[in-house]
Amino acid sequence: PGSTGRAARRLTKLWFCTPRFHGEGYQEGLAEGSHAGMAEGRRHGALHGARMGSEIGCYLGFALTWHCLLQKCTDPKNSKKLRALDSLIGMIQKFPYEDPTYDKLQEDLEKIRGKFKQVCSMLNIQSDFRLGNERSSLTF
């Protein structure tokens, strides 16, 4: 009877420890998962931020170059093209690079893309901006 009583007490202690172990395991798992999630989020944000910055930078370089080229030309048809380029440059300069929480980030980026396509059409230029596994390119 003595060894059975000891075994029962040990089993009871073990039974009461189980919720504590579940709780501690949950807390450890939560902390580890939060840390891993933060690291993954940081990598994801850096990657997508770099892609967006590269895309917008190409648009700005394109617009500034064409603006410079068209200013030197005296053709009166260029004024509409220059206004469109000015609009694109202004949109890019107002884009909130520093605020990833800006609620209209995607909407504004789509407007910039649309204006870029409009300018390319006005200039009779085929554009193709690709980002992904291939190297980034903007072709004309």
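Below is a summary of the structure that appears in this document. (Residues numbered from 1 in each chain as written. Predicted model: local features only at pLDDT ≥ 70, side-chain atom pairs only at ≥ 80, totals over all residues. Heavy atoms only, no water.)

The terminal C-alpha atoms of helix H3 (residues 105-122), which comprises 18 residues, lie 26 Å apart, in line with the 26 Å expected from a rise of 1.5 Å per residue. Of all the residues in H3, the buried ones are Leu105, Asp108, Leu109, Ile112, Lys115, Phe116, Val119 and Cys120. The arc that holds the buried residues of H3, viewed along the axis, is 140°, so those residues lie on one side. More than 90 degrees from the buried face of H3, the exposed residues found are Lys117 and Ser121. Positive backbone phi, at 55°, marks Asn124, one or two positions downstream of H3. (Helix = DSSP H or I, 4+ residues; strand = E, 2+ residues; numbered from the N terminus. Expected span 1.5 Å × (residues − 1). Buried < 20%, exposed > 50% of the residue type's maximum accessible area, 1.4 Å probe, protein only. Arc of directions from axis to C-beta.)

The phi torsion at Asn124 lies on the positive side, around 55°, for a residue other than glycine. On the secondary structure map, Asn124 appears in the loop between H3 and strand S1 (128-130).

Now for the packing of helix H2 (residues 78-94) against H3. It is at 10 Å that the axes of H2 and H3 come closest, and there the two elements cross at 160°. Regarding the angle of H2 to H3, the classification is roughly antiparallel. For the pair H2 and H3, the sense of crossing is left-handed. Residues Lys80, Lys81, Ala84, Leu85, Ser87, Leu88, Met91 and Ile92 of H2 form the contact with H3, whose own contacting residues are Lys111, Ile112, Lys115, Phe116, Val119 and Met122. Residue composition of the contact of H2 with H3, by class: nine nonpolar, one polar and four charged. (Axes fitted to C-alpha atoms, helices over the stretch in contact; angles between N-to-C directions. Parallel < 35°, antiparallel > 145°, perpendicular 65-115°, else oblique. Left-handed = near helix turned anticlockwise from the far one by under 90°. Contact = heavy atoms within 4.5 Å. Nonpolar A, V, L, I, M, F, W, Y, C, P; charged D, E, K, R; others polar.)

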